[in-house]
Amino acid sequence: MKHSFLDRYSDRDSLLHKLDPRTKIVTTIAFILAVALTPPPSWQAFALYFVIVAIAILISKIPPLYVLKRSLVIVPFVLLIGIFIPFLKPGDASGSYNVWIWNVSHSGLMVLWGIAIKSWLSILSLILLSATTKFAELLKGLEQLRMPKLMIMILSFMYRYLFVMVDEVSRMKQARDSRNFGGKRTWQLKTIGNMIGTLFIRSYERGERVYGAMVARCFEGQIRTLSRLQFRTADLYFVAAFFFCLSLVGITFLFM
Amino acid sequence: MEYAIEIANLSYSYPDGQQALRDINLTIGIGESVALIGANGAGKSTLLLHLNGIIKSNETIKILGLPLNDKNLKQARSKVGLVFQNPDDQLFSPTVFDDVAFGPINMGFHPNEVRQRVSQALHDVNMAGYEQRSPQHLSVGEKKRIAIATILSMSPEILVLDEPTANLDPRAKWELIELIKGLPMTKIVASHDLEMVTALCERTIILDSGSIVADDSTPSIMSNAPLLESYGLAPTSRLAIAFD
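Once a new chain begins, its residue numbering starts again from 1 and follows that chain's sequence as written. For this description, chains carry letters from A and ligands carry numbers from 1, given in the order in which they are written. In keeping with the predicted nature of the model, local features appear solely for residues at pLDDT of at least 70, side-chain atom pairs appear and are counted solely at 80 or more, and the whole-chain, interface and lining totals rest on all residues.

A. Layout of the overall build of chain A. Going along the chain from the N terminus, every DSSP run of H or I of four or more residues is numbered as a helix, and every run of E of two or more is numbered as a strand. For chain A, the count of helices and strands is 11 helices and two strands. For chain A, the N- to C-terminal ordering of α and β elements is α-α-α-α-α-α-β-β-α-α-α-α-α. Neighbour counting defines burial: a residue surrounded by 20 or more other C-beta atoms within 10 Å of its own C-beta is buried, one with 12 or fewer is exposed, and intermediate counts give partly exposed, using backbone-placed C-beta atoms. Sorting the 256 residues of chain A into buried and exposed places 23% on the buried side. Within chain A, residue pairs in contact and separated by at least 24 positions form 77% of the contacts whose partners lie at least 6 positions apart. Remark: residues whose backbone-derived C-beta atoms lie within 7 Å of one another are considered to be in contact.

B. Structural detail: the overall build of chain B. Summing up its helical and strand segments, chain B has 11 helices and 10 strands in all. C-alpha atoms define the radius of gyration in this analysis, and the globule rule sets the expected value at 2.2 Å times the number of residues to the power 0.38. Computed over the C-alpha atoms, the radius of gyration of chain B is 18 Å, within 12% of the 18 Å expected from 2.2 N^0.38 for a compact globule of 244 residues. Seen along its three principal axes, the alpha-carbon backbone of chain B occupies a region of about 55 × 45 × 40 Å. Across the 244 residues of chain B, 46% fall into the buried class. Across chain B, every contact between residues at least 6 apart in sequence was considered, and the portion connecting residues at least 24 apart equals 63%.

C. Focus on the domain arrangement of chain A. Note that the domain bounds were set by an automatic or database domain assignment. As assigned here, chain A comprises domain 1 (15-133 + 230-255) and domain 2 (147-215). Relative placement of domain 1 of chain A and domain 2 of chain A: their C-alpha centres are 36 Å apart.

D. Local environment of the pairing of strand β8 (residues 186-191) of chain B. All names here are of chain B. Within β8, six of the six residues are buried, leaving the element largely enclosed by the surrounding structure. Of the two faces of β8, both are covered, the one formed by Thr186, Ile188 and Ala190 as well as the one formed by Lys187, Val189 and Ser191. DSSP calls a pair of strands paired once it identifies at least 2 bridges connecting them. Pairing of strand β3 (residues 33-37) with β8, which is carried by five bridges, proceeds in the parallel orientation. In the strand pairing of β8, Ile37 is matched with Ser191. Where strand β7 (residues 158-162) and β8 come together, five bridges link them in parallel fashion. If you follow Leu159 over to β8, its bridge partner there is Lys187. Handedness of a crossover: with both strands directed away from the viewer, a clockwise path from the first strand across the helix to the second marks it as right-handed. Remark: the β7/helix α7 (residues 170-181)/β8 crossover connection has right-handed handedness.

E. Expanded view of helix α6 (residues 140-152) of chain B. All names here are of chain B. What a helix should span is 1.5 Å times the count of its residues minus one. For α6, spanning 13 residues, the distance from its first C-alpha to its last is 18 Å, which sits close to the expected 18 Å at 1.5 Å a residue. Burial analysis of α6 places 10 of its 13 residues in the buried class, which makes it a mostly covered element. Contacts from the buried residues of α6 go to β6 (80-83), α3 (87-90), α4 (96-106), α5 (111-124), β7 and α7.

F. Representation of the interface of chain A and chain B in the model. Opposite the 22 residues of chain A that make contact, chain B presents 27 residues. Contributing elements (two or more residues each) for the side of chain A that touches chain B: α8 (135-144), α9 (149-177) and α10 (185-215) of chain A. In this count, Pro and Cys sit with the nonpolar residues alongside Ala, Val, Leu, Ile, Met, Phe, Trp and Tyr, while Asp, Glu, Lys and Arg are called charged and the others, Gly among them, polar. Grouping the constituent residues of the side of chain A that touches chain B by class yields 14 nonpolar, three polar and five charged.

G. Here's a closer look at the packing of α4(B) against α6(B). All names here are of chain B. It is at 7 Å that the axes of α4 and α6 come closest, and there the two elements cross at 35 degrees. Contacts between α4 and α6 involve Val96, Asp99, Val100, Phe102 and Gly103 on the former and, on the latter, Ile146, Ala149 and Thr150. Of the residues assigned to the contact of α4 with α6, the class counts are five nonpolar, two polar and one charged. Note on geometry: axes are lines fitted to C-alpha atoms, helical ones only across the stretch in contact, with angles between N-to-C directions running from 0 to 180 degrees.

H. Fine view of the sheet that holds strand β1 (residues 3-13) of chain B. All names here are of chain B. With respect to topology, four strands assemble into an open sheet ordered β2-β1-β4-β5, the strand pairing being antiparallel. Of all the strands in the sheet, the pair left with one neighbour each is β2 (19-29) and β5 (66-67). Bridge count for β1 against β2 is seven bridges, and the pairing is antiparallel. Directly across from Ile7, in β2, lies its bridge partner Leu26.

I. Just the packing of helix α5 (residues 74-82) of chain A against helix α7 (residues 106-132) of chain A, in detail. Residues and elements named next belong to chain A. Direction vectors running N to C along α5 and α7 enclose 155 degrees, while the axes themselves pass 10 Å from each other. Relative to α7, the element α5 lies roughly antiparallel. Judged by the sense of rotation from one axis to the other, the crossing of α5 with α7 is right-handed. Here Ile74, Val78, Ile81 and Gly82 of α5 come into contact with α7, specifically with Val111, Leu112, Ile115, Ala116, Ser119, Trp120 and Ile123. Convention used here: angles under 35 degrees read as roughly parallel, angles over 145 as roughly antiparallel, angles from 65 to 115 as roughly perpendicular, and any remaining angle as oblique. Crossing handedness: left-handed means the near helix sits turned counterclockwise from the far one by under a right angle, and right-handed means the same turn made clockwise.

J. Fine view of the nonpolar core. Counting 69 residues, the largest nonpolar core has B:Leu36, B:Val100 and B:Val160 as its most contacted members. Ranked by size, the runner-up nonpolar core spans 22 residues in total, among them A:Phe31, A:Ala45, A:Val53 and A:Val67. By definition, a nonpolar core groups buried Ala, Val, Leu, Ile, Met, Phe, Trp, Tyr and Cys residues that are joined through C-beta atoms within 7 Å.

K. Structural detail: α4(B). Residue and element names in this part refer to chain B. Across the 11 residues that make up α4, a large majority, 11, are buried. Buried within α4 we find Val96, Phe97, Asp98, Asp99, Val100, Ala101, Phe102, Gly103, Pro104, Ile105 and Asn106. Here the buried face of α4 lies against α5 and α6. Positive backbone phi, approximately 90 degrees, marks Gly108, located one or two places after α4.

L. Geometry of the confidence of the model for chain A. Known as pLDDT, the predictor's confidence for each residue is given on a scale from 0 to 100. Averaged over every residue, the pLDDT of chain A is 84; the share at 70 or more is 90%. Per-element averaging of pLDDT across chain A places strand β1 (residues 93-99) of chain A at the bottom with 57 and helix α2 (residues 21-37) of chain A at the top with 92.

M. Structural context of the pairing of β3(B). Residues and elements named next belong to chain B. In terms of burial, β3 is a largely internal element, five of the five residues being buried. Where burial is concerned, the two faces of β3 agree: the one with Ser33, Ala35 and Ile37 and the one with Val34 and Leu36 are both buried. Pairing between β3 and strand β9 (residues 203-208): four bridges, direction parallel. Bridging from a neighbouring strand, Leu36 pairs with Ile205 of β9.

Printed below as a string of structure tokens:
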């Protein structure tokens, strides 16, 4: 079965795709940090951040619409966290913002705006990172950046078996539906419960078999890997350009 | 004479008490290619898992003259290459390279040697150039080849294959048979695909309810229809007549 993979578009060819994953990881984290540390009222800074991401997206040759669509996943989270703040945060009631009987405070609105714009810019940069880097490369990069090998292993198994399990679930659903699944709600729940249990047992048994295959190849509990990453001059230029832009934003923000 | 595998009086029960193997005595010479056939649940896979100590036995198994115990385990595992039935179990890494390199890295080879072994193994299974692909994007036939490459990169002296042709279409199946046939090492193949067994192995062992019930040259076993039928490996005589 075919799936749209987590790292869709990561096999395209552009300047960003060619960069070393470590470069991209570090710059992405730096970008997110900068965004998170900028106070919400300075909208000019956020506009500049957006310009930086937009330029990066254009360089990467990834369809902007795809990035925009994927960035919508944060909407529910932002709403969940932030939507009540303008109503609850005490502060000067900004007269014109009155929703029915509740006062909307200006400072509360500012917090909501801050949460929304910061998470949106962060998610844009993360989507860009995952769309320009193959997942395997991303893991190699994280490993080189001293992320614990156990975590890397867990992530790599997750990536490898996520779609194997999705396939398994969709086969189970097909088998269920071709036997006229329906009837009472309680009966349906029971069936779904059984499916979840079966999936758990199958995954557990698969885990045992995978471990057997690892042990058969001399695995003794110590995770060893080979690094194939190499920095190039392009990485240097990119990092220089990126931090130049970022400090430009910082300076503009300081003097405005 | 030194044997590739010597098994003496091997019995094994599952943790739940069910007897899986009974009193197995078996010697396989170096360079032989042996088929292990039997109905589902006959104990084929359980026997294979004993061959590199994934299921422990009490020194009743010798690999190339070396008793299989905790001390020799690593050495034995690099000599016996076990290819599992489901390539999705065998291939667990994000890229083909990582998977084929897994064995050699664990064996402690130098990075250059590892890279050289990976490209040689992929070349041997006609999958050169697939290093950076991710296993989930491959067809079943390609996955099977890579699974074999993950073992070949460890240059084992004994190749053990569990149902190598399961889930393959005829074309992929015959390509794989050709490939396995071209490999020089001692081979043990568990299967109930009699076509493949006939094409690949000169000796056939029938396993039934955990015991060896026949051990002979492949042609003489394959021509013995009543024998195959009685262990559930060929159509019953009534059906066979209907086919004629």
